[in-house]
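Structural characterization, general
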Amino acid sequence: MTIEDFIPTQYSHEIQQGKVTFKAPSNIALVKYWGKKTDQIPANPSISFTLNACATTTSITYTKLNTRGADFSFDLFFEGKPKEDFKPKIQTFFARIEEYVPFLKEYHLKIETSNSFPHSSGIASSASGMAALALCLMHIEKELCQEMNDDFFSYKASFLARLGSGSACRSIEGSLIQWGYHNDIAGSSNLYGIKYPYDVHKVFHNYHDTILLVDKGQKQVSSTIGHNLMHNHPFAEQRFGQAHENLSKLIPVFASGKLNDFIKIVESEALTLHAMMMASTPYFILMKPNTLQIINKIWEFRKSSGTHLCFTLDAGANVHVLYPENEKAEVYQFIKDELVAFCENGQYICDRIGFGAKKV
Ligand code: PMV
């Protein structure tokens, strides 16, 4: 599909008002998206597990205006309270997507949103938040264009979510989502995420992700700034090439379920993301001392127990501990005994692979 496919020509139906609610999950990248061109076109392809527990629920109550507005008309409520400081981000998002959802200025929107995870947990809500918002908008568009099919609905929701926050395009469906053109992956696109189209061994069907909250504060570097640091980065081209290679290497790993190979790729991706930040100008260290303590503990335990837990990181200090269902008792005990002590206020979130957003 091309960008033009997402520009509607004419709507077949009229609708005065309504309300829609979607719950969209977060996701955790295995091969990381880091570096972008304009309009959230990724500099390299990525792939993620869709999560289940960490999610954003968003409702839109829409009311047709008597005349088309000169600007967007919306109110925003976060966890039940008006949230003025979120509005500029939504305004920018609407301006970016207006061409693709031309009905936007014809309605007043009351947007109500909340997260399942605690506020200021250091978990970014932009992926789940933008995905939930995009899905609500797609529901309105489907009311206006009722012949729309389900595939188009999902692709366009992902396409819109991407324009809000790149990784949000991987939060529409589950459970393994690939985004960004890759030679070996049929149907892959820079414009939207797709369900990974090849064999996935059953060991990956119910993977766990326990998120250790090492630092619950505001992110030190916003992802926008972080992505921009990849422009003129001395290792950018090698890194983008490596992401393509790692995705190629994951194809047989997903099929065979060889966890030792999976671990090598996933941990290397996490450390490379952080290495890129350390080698940027200006440079940043996003890990905290406890992040390193946890990583070392994971390595020791993996060696001594023969289990297959591994870690991955986002652009921050929190650690995602990934492990298969059949090892969950042993690994969870280890997390409680050895790792929780390194979390801020002992906080962590038990999540697992999920199946995508849902209409509520
Ligand atoms: O979607 P953004 O612009 O917040 O970027 C997210 C980047 C990482 O989370 C660090 C990696 C990824 O692929 O999700």
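What you see as residue numbers is a count from 1 along each chain, following the sequence as written. Where totals are concerned, whole chains, interfaces and linings use all residues; where local detail is concerned, this predicted model gives features only for residues with pLDDT of at least 70, and gives and counts side-chain atom pairs only at 80 or more. Derived side-chain values reflect all non-hydrogen atoms in the structure, with water molecules and hydrogen atoms excluded from consideration.

Here's the deal with the packing of aromatic side chains
Quick reminder of the rule: Each Phe, Tyr or Trp ring, with Trp reduced to its six-membered ring, pairs with another whose centre is within 6.5 Å; inter-plane angles below 30 degrees give stacked pairs, above 60 give edge-to-face pairs, and intermediate values give tilted ones. Helix and strand labels come from DSSP, where a helix needs a run of H or I of at least four residues and a strand needs a run of E of at least two; each type is numbered from the N terminus. Burial classification: accessible surface area is computed with a 1.4 Å probe over protein chains only, and a residue below 20% of its type maximum counts as buried, one above 50% as exposed, and the rest as partly exposed. Cation placement over rings: the criterion is NZ of Lys or CZ of Arg within 6 Å of the ring centroid and within 35° of the ring normal.
Per the stated rule, a full pass over the model turns up 26 aromatic pairs. Seen from their ring centres, Phe-74 and Phe-94 are 5.3 Å apart, and the 80° between their planes marks the pair as edge-to-face. One end of the pair, Phe-74, is in strand β5 (residues 73-78); the other, Phe-94, is in helix α1 (residues 87-97), with 20 residues separating them in the sequence. Note on Phe-74: relative accessible area 6%, which makes it buried. Ring geometry for Phe-93 and Phe-94: centres 6.1 Å apart, planes at 35°, overall tilted. Both residues of the pair, Phe-93 and Phe-94, count as buried. Members of the aromatic cluster, joined through ring pairs, are Phe-49, Tyr-196, Tyr-198, Phe-204, Tyr-207, Phe-254 and Phe-262. Note that Lys-83 overlies the ring of Phe-86, its terminal NZ or CZ placed 5.1 Å from the centroid. The side chain of Lys-87 reaches across the aromatic face of Phe-74, ending 5.1 Å from its centre.

As for the pattern of salt bridges
Formally: Only one rule defines a salt bridge in this text: a Lys or Arg side-chain nitrogen within 4 Å of an Asp or Glu carboxyl oxygen.
One pass over the structure, following the stated rule, counts 15 salt bridges. Among the salt bridges present, the one from Lys-32 reaches Asp-314, with a minimum N-O distance of 3.9 Å. In this pair, Lys-32 is assigned in the loop between β1 (17-31) and β2 (36-37) and Asp-314 in the loop between β11 (310-313) and β12 (319-323), connecting sequence segments 282 residues apart. Among the ionic pairs, Lys-83 bridges to Asp-85, the shortest N-O distance being 3.8 Å. What makes Lys-83 buried here is its relative accessible area of 19%. Residue Asp-85 is classed as exposed on the basis of its relative accessible area, which comes to 56%. It is possible to trace a salt-bridge network through shared partners that takes in Lys-64, Arg-68, Glu-98, Lys-105 and Glu-106.

So, empty space enclosed by the protein
Note the threshold: Within this scheme a cavity is a closed region of a 1 Å grid, computed over the protein atoms alone, that accommodates a 1.4 Å probe without allowing it to escape, whereas a pocket is open but has protein on both sides within 12 Å along at least five of seven lines; lining residues each have an atom within 4 Å of a point. Grid points are joined across faces, edges and corners, and a volume is the space filled by probe spheres set on the points. Only Asp, Glu, Lys and Arg are considered charged in this grouping, and only Ala, Val, Leu, Ile, Met, Phe, Trp, Tyr, Cys and Pro are considered nonpolar; every other residue, Gly among them, is considered polar.
What the rule picks out here adds up to 1 cavity of 30 Å³ or more. What the largest cavity holds in volume is close to 40 Å³. Looking at the largest cavity, the residues that line it are Ser-154, Ser-158, Cys-169, Ile-172, Glu-173, Ile-177, Gly-193 and Ile-194. The set of elements that each furnish at least two residues to the lining of the largest cavity consists of α3 (150-164) and β9 (193-195). The class makeup of the residues in the lining of the largest cavity is 4 nonpolar, 3 polar and 1 charged.

Observations regarding the site of the ligand
Stated precisely, the cut-off is as follows: Whether a residue is near a molecule or strand depends on its heavy atoms: if one lies within 4 Å, it is near. Polar contact is defined as a pair of N or O atoms within 3.5 Å, subject to the rule that within protein one atom must be able to donate a hydrogen and the other to accept it, and that residues adjacent in sequence are counted only when both atoms are side-chain atoms.
In the vicinity of the ligand, 13 residues are found, and the nearest of them are Tyr-33, Ser-167, Arg-170, Ser-223 and His-227. Measuring from an oxygen atom of the ligand, one finds a side-chain N or O atom of Ser-167 at 2.6 Å. In the model, an oxygen atom of the ligand is placed 2.7 Å from a nitrogen or oxygen of the Arg-170 side chain. Here the residues of the shell around the ligand sort into 5 nonpolar, 5 polar and 3 charged.

Focus on unusual backbone geometry
Residues Gly-174 and Ser-175 are joined by a peptide bond in cis, for which omega reads -5°. Within the secondary structure layout, Ser-175 lies in the loop between α3 and β8 (176-179). Looking along the chain, the bond that leaves Thr-281 and enters Pro-282 is cis, with omega of -5°. Its place among the elements puts Pro-282 in the loop between α6 (259-278) and α7 (289-305). For Asp-39, which is not glycine, the phi torsion reads 55° and is therefore positive. Assignment of secondary structure puts Asp-39 in the loop between β2 and β3 (41-42). Among the residues examined, Asp-39 registers a relative accessible area of 45% and is labelled partly exposed. Positive phi outside glycine occurs at Gln-40, with the angle close to 55°. Take Gln-40: it is sitting in the loop between β2 and β3.

Concerning the domain arrangement of the protein
Convention followed: For the purposes of this description, domain bounds are those given by an automatic or database domain assignment. Contacts are assigned to residue pairs with any non-hydrogen atoms lying within 4.5 Å of each other. Here's the idea: put two parts together, see how much 1.4 Å probe accessible area each one loses, and the total over both is what we call buried area.
The domain architecture assigned to the protein consists of domain 1 (3-198) and domain 2 (207-352). The centre of domain 1, based on its C-alpha atoms, is set 26 Å off from the matching centre of domain 2. Listed per partner, the contact involves 35 residues of domain 1 and 42 residues of domain 2. Both sides of the domain 1 and domain 2 interface together cover about 3100 Å² of buried area, and 70% of this is carbon and sulfur. Summed over the shared surface of domain 1 and domain 2, the result is 13 residue pairs in polar contact (both at pLDDT 80 or more). For the side of domain 1 that touches domain 2, the secondary structure elements donating two or more residues are β1, β4 (46-64) and β8.

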